[in-house]
Each structure stands twice: as structure tokens, then as C-alpha cells.
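Close look at the chain arrangement
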Amino acid sequence: MEDHWFTESCEEGGSALSLRIKAKLHEEHTGFQKIEIYETTHFGRLMVIDGFIMLSSRDNFIYHEMLAHPTLYTHPLPKRVAIIGGGDCGTLREVLRHPEVSQVTQVDIDERVTRISEIHFPELCVSNKDPRVEFLFTDGFEWIKNLPAGALDVIIVDSTDPIGPGEVLFSRDFYTACERALAHGGLMVQQSESPLLHMDILQNMHRGMKKGGFSHLKTLFFPVCVYPSGWWSATMARKGVPIDNFRQGNVENSPVQTRYYNSAIHQGAFSTPTFFPEQLNLEES
Ligand code: SAM
């Protein structure tokens, strides 16, 4: 049998990741972006947008759990949640596992990502018919700008990289709009790329969030095997209240079965490497 590989090159890392593929299942230009779905030999299905790997069946649970649970367990009572991006619905599935959550609005610019995920990643879409969810297919920044102040408890930004339609979600104006949309003590969290390769993006995000009015920030770390360098991060920002504890008892006694996230992982994920505080001025200002 001939060998076929999908390769994502990472210019800024001078590196590349290849996965052996059995077949290309789908390819589509949506008007926003190009979506491809592959069947791999060892990583299950693979979603690629504009040449960049979004997720694989095999390891997406780490990313989705780490985007949802640390933030939801930091908030004392997360009822009103928004997911910006997240069209594959993996983060949504994790959010809906929290009984306190009474309403989730998922705002992805491209409806095709969700429709294609329903076909090729049905396991991520199992909760899409939950009555607490509202799906909107529009630009996340435009939507959040027009919300009443204090309308949300948690905002999760599960976006593509800061290029194309995702670029606006890394801007200071977006962070200002998120801060306004959150109630006091509310939290936002955004995937913040590789701490090894994308320190410039992390620094801009920290700067933008602070200028956007967030008083307290923390970055958490976790592996994502299929992303450049394999080491990824998310940055949490809170309105008016320090990020210094979480509902540890609720995590330890939770009926929610997670495969990666637990109480020790929560605490460990916030440990910062020595090079980090210097470059980012992570001390809360
Ligand atoms: N886990 C992935 C990663 O970090 O590579 C992200 C997955 S998710 C598929 C990213 C989603 O962000 C896409 O579905 C894309 O349509 C959406 N997106 C990009 N820009 C957006 C915007 N301005 N507003 C709302 N959604 C946006």
C-alpha cells in the first residue's frame, strides 16, 4: 500500500508534523475558510482548516477539557456561558456537563464547521440538542459587542489562530467588549498557542487583556500532541477578582468523567515555567 501523509508545516518553529492518512473524507471551501477531513491510521479523524490542524479524534479531549473545566470550576456559579468559535462542538460538550450552566450560546462564524463535525465527529456533537444551547453563526466580536453589560459569567474563546477570520478575536477591542459583557467576577479564557513558539502572541494577549480592563490573568499549560511543538496554553482573565482558588471539592466529588482534567492537573497546569513570568510580567497588576 502506498504511504500517504498529511503534513502541517510551522514556519515560526522551523518544524512540521505529519500524520499518516488512510483517506481524505471531505474538502470544502466555505466562503470563510477551507475545511478538510482526513481518516488517519493512528489518530482517528483529523480536521484541518486552511492547512492548520484543528483537532484529531485521538487527542482532542485534552484541549477541550482544559479549555472548559479549569475556568468553569474557578467560577463559583457559572450559569450564563458563551463559546466564541468552537464550531466542532467539543468544548460545548464539556461545558454542558456542568449542571450549574443554564444557558450556552455558541457563536461560530462558519456554520459549515458544525455541520461537517456532526457528520465526521459525531462523538463531539452528542449534546448539540441540549435545550440549554443556542447556536449562532455570525462573527463572535460583532455579537459580543452588542450584548448588554454584565450579561455573561464565562466566555470561552475556542478560535482558530490569529489569522483570517480569527484575527479579530486576538484584538484589544475584542477583550474590551468581553470585559464589558461579563458580570463582576466573570471569567474569559482563550486558547493562547504554544508557549515555546508563540511568545509574541501570548505577550500581545496579556497586554490586550489588561488594556481591555481585566485586572487578573493566568496562563495554564497542557499538551496537545497535534499542535506545533506539542505544548499548548490557554489564558484566563477575570473581571475584578483574583484567580486564586477553584471549587476543588466539586472537582474531586464530581460525577463528570474526565479523561485528562482532575484536581491535581488543575493545580499543576497553572505552574509557570521559570522563563515565563519574566517575559510576560505574569505577576498580577
Ligand atoms: N481547537 C482549534 C484550534 O485551536 O486549532 C480551534 C477549533 S474551532 C474549529 C475554531 C473555530 O473558530 C472555527 O470553527 C472558525 O470558524 C471559528 N472562528 C474563526 N474566527 C471567528 C470569528 N471571528 N467569530 C466566530 N468564530 C470564529
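Thresholds applied
- Residues numbered from 1 in each chain as written.
- Predicted model: local features only at pLDDT ≥ 70, side-chain atom pairs only at ≥ 80, totals over all residues.
- Heavy atoms only, no water.
- 1 Å grid on protein atoms, 1.4 Å probe; cavity = no way out; pocket = protein on both sides within 12 Å on 5 of 7 lines; lining within 4 Å.
- Points joined across faces, edges and corners; volume = space filled by probe spheres on them.
- Helix = DSSP H or I, 4+ residues; strand = E, 2+ residues; numbered from the N terminus.
- Nonpolar A, V, L, I, M, F, W, Y, C, P; charged D, E, K, R; others polar.
- Buried < 20%, exposed > 50% of the residue type's maximum accessible area, 1.4 Å probe, protein only.
- Right-handed = clockwise from strand over helix to strand, strands pointing away.
- Pairing = 2+ DSSP bridges.
- Axes fitted to C-alpha atoms, helices over the stretch in contact; angles between N-to-C directions.
- Contact = heavy atoms within 4.5 Å.
- Domains from an automatic or database assignment.
- Salt bridge = Lys/Arg side-chain N within 4 Å of Asp/Glu carboxyl O.
- Polar contact = N/O pair within 3.5 Å; in protein donor to acceptor, adjacent residues only side chain to side chain.

**Digging into the layout of surface pockets**
For the largest pocket, the calculated volume is near 640 Å³. In this structure, the largest pocket is lined by 46 residues; those nearest its centre are Met 54, Ser 159, Thr 160, Asp 161 and Gln 191. Those elements giving two or more residues to the lining of the largest pocket turn out to be strand S1 (5-10), strand S4 (45-49), strand S5 (52-56), helix H1 (60-74) and strand S6 (80-85). Considering every element that reaches the lining of the largest pocket, the biggest residue donor is S5, with 5 residues. Residues that form the lining of the largest pocket fall into these classes: 22 nonpolar, 14 polar and 10 charged.

**Some thoughts on the pairing of S6**
Counting buried residues in S6 gives 5 out of 6 residues, a clear majority hidden from the surface. This β-α-β element, S6 to helix H2 (residues 90-95) to strand S7 (residues 103-107), shows right-handed connectivity. In terms of strand pairing, S6 meets strand S9 (residues 152-158) through 5 bridges, oriented parallel. Along S9, the bridge assignment pairs Gly 85 with Asp 158.

**Let's talk about the sheet that holds strand S11 (residues 216-223)**
Taking strand neighbours across the sheet as the criterion, the 7 strands line up as S8-S7-S6-S9-S10-S12-S11 in an open arrangement whose pairing is mixed. Two strands bound the open sheet, and with one partner strand each, they are strand S8 (133-136) and S11. Averaged over neighbouring strand pairs, the angle between their axes works out to 15° when direction is ignored. Across the face of the sheet, helix H6 (residues 199-211) comes into contact with strand S10 (182-191), S11 and strand S12 (231-238) while running at roughly 10° to S12.

**A word on the sheet that holds S5**
The 5 strands lie next to each other as S1-S2-S3-S4-S5, forming an open sheet whose pairing is antiparallel. With one partner strand each, in any of the chains shown, S1 and S5 form the two edges of the open sheet. Recorded for the sheet is a direction-independent mean angle of 45° between the axes of neighbouring strands. Examined bridge by bridge, S4 and S5 share 4 bridges and lie antiparallel to one another. Residue pairing in the sheet places Val 48 in a bridge with Ile 53 of S5.

**Digging into unusual backbone geometry**
Positive phi outside glycine occurs at Cys 89, with the angle close to 80°. Here Cys 89 shows up in the loop between S6 and H2. Notably, Ser 229 is not glycine yet its phi reads approximately 75°, a positive angle. Turning to its location among the elements, Ser 229 is positioned in the loop between S11 and S12.

**Some remarks on the domain arrangement of the chain**
You can read the domains of the chain as domain 1 (5-56) and domain 2 (60-269). One C-alpha centre belongs to domain 1, the other to domain 2; they are set 23 Å apart. At the junction of the two partners, domain 1 supplies 24 residues and domain 2 supplies 23 residues. Where domain 1 touches domain 2, the interface holds 1 salt bridge. Between the two partners, domain 1 and domain 2, sit 7 residue pairs in polar contact (both at pLDDT 80 or more). Taken together, the elements giving at least two residues each to the side of domain 1 that touches domain 2 come down to S1, strand S2 (15-29), strand S3 (34-40), S4 and S5. Of the residues that constitute the side of domain 1 that touches domain 2, the class distribution is 15 nonpolar, 5 polar and 4 charged.

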